[in-house]
Amino acid sequence: MPPPRRAARRRFAAAAAESPRAVRGSRRLSVRHGEPFKLEGRCGGGGGDDDDDGLPLSDEALLLVFSSLSFTTADLVRCAATCRRWRRLVSADAAFVCPRATPRSDPCIRSLALGFFHSHTTDGGVSVTQPRFVPLSAAASRLQPSFAALLDGGGASRVVASRNGRLVLDLRRCANTTVTHAVRLGVCNPVTGGGGVGLDVLPQLRGKDSPTGPYACTVITAADERGGGDRRMMTRYSSYRVLLLYNRRGFTALRCYSSDEGSWGPEAEVTGARIGRTQLAVGPHAAVVHRGVVFWPRLAVALRLDSLLQPAPAVSAAKTPPRYTVAGFSPATTRQRHSSTMVTHRLLGVMPGGGLLRVEADMETIRAYWGGRKDGDGDIVDGGCLLGEALKWRWTKMQALMKVHTVRLRWLCEKSGLIIFTARNNSDSDTHVYTLDVETEEIRRVATAPGGESSLEEMCAYEMDRVTLLASLAR
């Protein structure tokens, strides 16, 4: 059979150029048969984008698909690895694509945990040295310059809170844990902005507005919105609230900063709970947010988030307005005699699926308990639920078999499922820092402290949130 003439081939090419629909149909046919094709734009012609994937869908349509199918984080990472266009969409619009409420099927992601901060206290705890950041992996070590710039340039002397990818920093040069004349805090995401870039400096609290002693602090982000049961809590991913808990004479006080309003709210009296001064002196204090309650396990005090939304009493010139109050409670009231044991040997957290996780350690073992999410009609302020009394036993690790002793639990990374603890090795007297995976039960030594426990007085772990992880894929 003779080959087609050149005129016939030219007529066919011209007809294809005049009929884009036919071209798209032929491309879909070629893909269906497994035959690859290239767009003219990739070859330098046709004016196409460099990261075009060849799909006849707009960016808005793809974003709607990514955000409406309840993908897990691993699914979204695989989508970003498909082509340059999908990576650009997932990373640039991570706050829109990533569901605000973590899917129950979303597992722990080990890469979320980047490392921990530690500092050394001297002079009986009066002054605190500049904190240092220790990465947990080679991938996390690449972020070391950002952390170093944040600590050196930002002037932070303490890391007082870490939750959901954000750090709360005490920006006073000579801050300490026992004397507080004024409080100047800053909030940042060190992955997306280090140093002074991306650091929100909060209005300074002075005089009567400032705590007169040690305080506990935490940050409430948009990821906690649905847990609060009220859509008014957070409206944007970048929104956050900073809670400052401290003691006044006769009552425990609370101040709340709102990033949307850019100011501190009035001082509130916490009703139903009281914190001892000695408990506040040892920090930082990790907080857990579960089912509309923010809970400080080491302080044995919890606050209802919906009470933060109540309007403050109106100021009247005729008489003193009633004090602004926040509902609180102490779930461990019946366990006060065991409070010292709980402070040292118990960690609580919320797993990605919504269930609670409790880790305990004694002289011989480390044990883990966790259970599924409880969405029944139970009271959200149930103290037994917060303490994880009904959780199921999962595993027990013998310290002798792990070749460690003098175990001290330090931090629970909720989103990555890693436990950070310090211990001594049977072969030497130095104190080492270990990580223990709650799912795989894998133990790994990540750092050594030649100075012993004194060089690790204040430890605070840092892990990214899922939105930051997706946004970092653009790198």
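Look up a bit, the structure's there.
Residues numbered from 1 in each chain as written. Predicted model: local features only at pLDDT ≥ 70, side-chain atom pairs only at ≥ 80, totals over all residues. Heavy atoms only, no water.

### Describing the pattern of salt bridges
No. 1: Counted according to the given criterion, the structure contains 13 salt bridges.
No. 2: Note that Arg 358 is salt-bridged to Glu 360, the shortest N-O span being 2.9 Å.
No. 3: Taking relative accessible area as the criterion, Arg 358 reaches 7% and is therefore assigned buried.
No. 4: Since its relative accessible area comes to 13%, Glu 360 is described here as buried.
No. 5: One network of salt bridges, in which partners are shared, links Arg 346, Arg 358, Glu 360, Asp 362 and Arg 367. (Salt bridge = Lys/Arg side-chain N within 4 Å of Asp/Glu carboxyl O. Buried < 20%, exposed > 50% of the residue type's maximum accessible area, 1.4 Å probe, protein only.)

### Describing the sheet that holds strand β27 (residues 443-449)
Within a sheet, each strand pairs with its neighbour through backbone hydrogen bonds, oriented either parallel or antiparallel.
No. 1: Spatial strand order, β24-β25-β26-β27: 4 strands in an open sheet with antiparallel pairing. Each of the sheet's edge strands pairs with one partner strand only, and the pair in question is β24 (404-413) and β27. Between one strand axis and the next, the sheet turns through 25° on average, direction left out of account. (Pairing = 2+ DSSP bridges. Helix = DSSP H or I, 4+ residues; strand = E, 2+ residues; numbered from the N terminus. Axes fitted to C-alpha atoms, helices over the stretch in contact; angles between N-to-C directions.)

### Regarding the packing of aromatic side chains
No. 1: The final tally for this structure, using the stated rule, is 5 aromatic pairs.
No. 2: Where Phe 117 meets Phe 133, the ring centres are 5.1 Å apart and the plane angle is 55°; that geometry is what we call tilted. Of the two residues, Phe 117 sits in strand β1 (residues 113-119) while Phe 133 sits in strand β4 (residues 132-135), which places them 16 residues apart along the sequence.
No. 3: According to the relative accessible area criterion, Phe 117 is buried, its value standing at 2%. (Phe/Tyr/Trp six-rings, centres within 6.5 Å; stacked < 30°, edge-to-face > 60°.)

Read these as geometric descriptors, not functional statements.
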